[in-house]
Amino acid sequence: MGFAENFVWGAATSSYQIEGGVNGIGKGPHIWDVYTKEPDKVYGGHTGDIACDHYHRFREDVRLMKEIGLNAYRFSVDWSRILPEGTGKVNEEGIQFYNNLIDALLENGIEPYITLYHWELPYELYKKGGWLNRDIAGWFGEYARLAAERFSDRVTHFFTLNEPQCFIGLGFLTGVQAPGLKCPLRDTFEMAHNVLRAHGRAVQVLRACAKQPLTIGYAPTGGIIYPASERPEDIEAARQKYFSMPEDDSNWTWNVAWWSDPVLLGHYPEEGLIRYAKYLPKITDEDMRLISEPIDVYGQNIYNGRAFRMGADGKPEELLRGPGHAKTAVNWPVTPECLYWGPKFLYERYRKPIYITENGMACHDTLSLDGKVHDPNRIDFLARYLRELKRAAEEIDVRGYFQWSLMDNFEWEKGYAERFGIVYVDFATQERILKDSAYWYGNVIRTNGSEL
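Residues numbered from 1 in each chain as written. Predicted model: local features only at pLDDT ≥ 70, side-chain atom pairs only at ≥ 80, totals over all residues. Heavy atoms only, no water.

**A few points about the overall build of the protein**
- Within the protein, the secondary structure is distributed over 16 helices and 13 strands.
- For 452 residues, the compact-globule estimate of 2.2 N^0.38 gives 22 Å, and the C-alpha radius of gyration of the protein, at 21 Å, lies within 12% of that figure.
- Along the longest, intermediate and shortest principal axes, the C-alpha atoms of the protein span 60 × 55 × 45 Å.
- Taken over 452 residues, the protein has a buried fraction of 61%. (Helix = DSSP H or I, 4+ residues; strand = E, 2+ residues; numbered from the N terminus. Rg over C-alpha atoms; globule rule 2.2 N^0.38 Å. Buried < 20%, exposed > 50% of the residue type's maximum accessible area, 1.4 Å probe, protein only.)

Structure (structure tokens):
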């Protein structure tokens, strides 16, 4: 037993984090293009103007993917690269870039998985209210139509949105990411509702305009809650906590159920409707039909989690981590259990095939004196996590795994301070070097995880 024979082994990136190619090529500005020019917003004053220069070096990067042995590559399209103003005029040079990338992937036996939105809101749409404007469902639908018309003759796997918990929560609630706003809670609930409506509209349009049958999914995130033991009461405590609303309203976006119940179950969670009633926009039956437009697969970005047990009072209680617990280079806890319990709880609730659309870790990677990049911590991390995913795959329908990230890149407000890649990037020279973890992951792919 183990991973299915057709299990998909991939790696993931996003457009602004790697592409560069910002100026003089017909691309319009998006909120990150603008935000990174503000003082003191991004570590070191870094921007994604050049990033990994993937816009000019994508063929080299595809060759590296082939050398590693990837089955699939999940990348995002920059909305403002193909629709500079978000709607209307098409930038054919941007379309050509993605067509060339798709063709290069297919020529090298790598299946393209497109994510339509990985946080790059066109600035012209932001000026019209962005996610606060109900019209954005139509704007996103127009964008999805263009993607379907131009790419679906060769691409059959699409994810609509990546991590709405983050792009609304960090962009508009806590304000630490673009566009850097701290909006009233009422506004963020309105935005969240429009995000989900935009997702539904994109699903409709992708189906209607596709050149062939598509597999369509959605890629949210959220911290996993896993049981402190295998006792049934602890498992139930973890399940309850995982799908509940967070304790702190000022961080309300960081949850699973508010973003996924409407899409998969057709309604918002009752706990949230009661608790957040004073902040909610008008929610119509028509909206819910749109939001719950059927999807084929469910993606989840999973990095870490927290352990819970059932308390003596019959309520879930957290089991705090011990002193000296394992952490990544960015102080995220190392909790492999989350890659078993997360998919298991999600599949139980939503009954959709699961993709792990992101998972990985930041390490203190350096180029060693021998000219190589040795990252044993990442290999150990991935081995532990993938063993847990293998356990899940023996019990539920897990279709694929996308390591985050293919290459070191622009990590949002942290600039280039954090290295998540299995390919090392020297940002001064743009040299790429496969880390030890890339070779290790290649072996996992060749053996379909049988040696984990």
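**What about the environment of arginine 384?**
- Among the secondary structure elements, arginine 384 is positioned in helix 15 (residues 376–393).
- Put simply, arginine 384 and leucine 265 are 119 residues apart on the chain and 32 Å apart in space, counted from C-alpha to C-alpha.
- In this structure the side chain of arginine 384 is engaged in a polar contact, spanning 2.6 Å, whose partner is the side chain of aspartate 380. (Polar contact = N/O pair within 3.5 Å; in protein donor to acceptor, adjacent residues only side chain to side chain.)

**A look at the pairing of strand 3 (residues 111–117)**
- Along strand 3, six of the seven residues are buried, which leaves the element largely enclosed by surrounding structure.
- In terms of strand pairing, strand 2 (residues 72–76) meets strand 3 through five bridges, oriented parallel. Bridge pairing in strand 3 links tyrosine 73 to proline 112.
- As paired elements, strand 3 and strand 4 (residues 157–162) share four bridges and run parallel to each other. In the strand pairing of strand 4, threonine 115 is matched with phenylalanine 159. (Pairing = 2+ DSSP bridges.)

**Concerning the UniProt feature "binding site: substrate" (unreviewed entry) in the protein**
- The residues that UniProt annotates with the feature "binding site: substrate" (unreviewed entry) are Gln17, His118, Asn162, Tyr303, Trp404, Glu411 and Trp412.
- Within the fold, histidine 118 resides in the loop between strand 3 and helix 6 (123–126).
- Excluding residues within four positions of it along the chain, histidine 118 makes contact with Thr13, Ser14, Gln17, Ser76, Asn162, Glu358, Trp404 and Trp412.
- The topology assignment puts tryptophan 404 in strand 11 (residues 398–404).
- The class of tryptophan 404 is buried, set by a relative accessible area of 3%. (UniProt positions renumbered as here; feature names shortened; annotations may be inferred. Contact = heavy atoms within 4.5 Å.)

**With respect to the UniProt feature "active site" (unreviewed entry) in the protein**
- The sites that UniProt annotates as "active site" (unreviewed entry) are Glu163 and Glu358. The greatest C-alpha distance among the annotated residues, which extend across 196 residues, is 10.3 Å, indicating that they converge on a single site.
- Here glutamate 163 shows up in the loop between strand 4 and helix 8 (164–173).
- For glutamate 163, a relative accessible area of 7% gives the class buried.
- In this structure glutamate 163 touches Trp119, Ala219, Pro220, Thr221, Asn301, Tyr303 and Glu358, once residues within four positions along its chain are discounted.
- Classification of glutamate 358 as buried rests on a relative accessible area of 3%.
- Discounting residues that sit within four places of it in the chain, glutamate 358 has contacts with Arg74, His118, Asn162, Glu163, Gln300, Asn301, Ile302, Tyr303, Phe402 and Trp404.
- Of the polar contacts made by the side chain of glutamate 358, one reaches the side chain of asparagine 301; its length is 3.1 Å.

**A word on the packing of aromatic side chains**
- Per the counting criterion, the structure on display carries 55 aromatic pairs.
- On the numbers, 4.5 Å between centres and 45° between planes, the contact of phenylalanine 3 with phenylalanine 7 is tilted.
- An aromatic cluster is present here, built from Tyr16, Trp32, Tyr35, Trp119, Phe410, Trp412, Tyr416 and Phe427 joined pairwise through their rings.
- If you follow arginine 81 out to its NZ or CZ, it ends over the ring of phenylalanine 97, 5.8 Å from the centre.
- One cation-aromatic arrangement involves lysine 128 over tryptophan 139; the distance from NZ or CZ to the ring centre is 5.9 Å. (Phe/Tyr/Trp six-rings, centres within 6.5 Å; stacked < 30°, edge-to-face > 60°. Lys NZ or Arg CZ within 6 Å of the ring centre and 35° of its normal.)

**Side note on the nonpolar core**
- With 138 residues, the main nonpolar core has Trp79, Leu116, Trp131, Phe151, Tyr401 and Tyr441 as its most contacted residues.
- The dominant element in this core, judged by the number of residues it contributes, is helix 9 (residues 185–209), at 12 residues.
- Formed by 14 residues, the second largest nonpolar core is a distinct cluster that contains Ala12, Tyr355, Ala362 and Phe420. (Core = buried A, V, L, I, M, F, W, Y, C linked by side-chain atoms within 4.5 Å.)

**Some thoughts on the sheet that holds strand 8 (residues 305–310)**
- The strand order across the open sheet built from three strands is 6-8-9, with neighbouring strands paired in mixed fashion. Whereas interior strands pair on both sides, the edge strands pair on one side only; in this sheet they are strand 6 (224–227) and strand 9 (316–318). Here the average twist between neighbouring strands, direction ignored, is 45°.
- Sheet topology note: the strand 8/strand 9 ladder contains three bridges and is antiparallel. Residue pairing in the sheet places phenylalanine 308 in a bridge with glutamate 318 of strand 9. (Axes fitted to C-alpha atoms, helices over the stretch in contact; angles between N-to-C directions.)

**So, the pattern of salt bridges**
- One pass over the structure, following the stated rule, counts 36 salt bridges.
- Measuring nitrogen to oxygen at the nearest pair gives 2.9 Å for the salt bridge that ties arginine 150 to glutamate 92. Of the two residues, arginine 150 sits in helix 7 (residues 136–151) while glutamate 92 sits in helix 5 (residues 92–107), which places them 58 residues apart along the sequence.
- A relative accessible area of 28% places arginine 150 in the partly exposed class.
- Among the ionic pairs, glutamate 317 bridges to arginine 309, the shortest N-O distance being 2.7 Å.
- Relative accessible area serves as the criterion here: at 32%, arginine 309 is assigned to the partly exposed category.
- Each of Asp365, Asp375, Arg378, Asp408, Arg419 and Lys435 takes part in one network of salt bridges that share partners. (Salt bridge = Lys/Arg side-chain N within 4 Å of Asp/Glu carboxyl O.)

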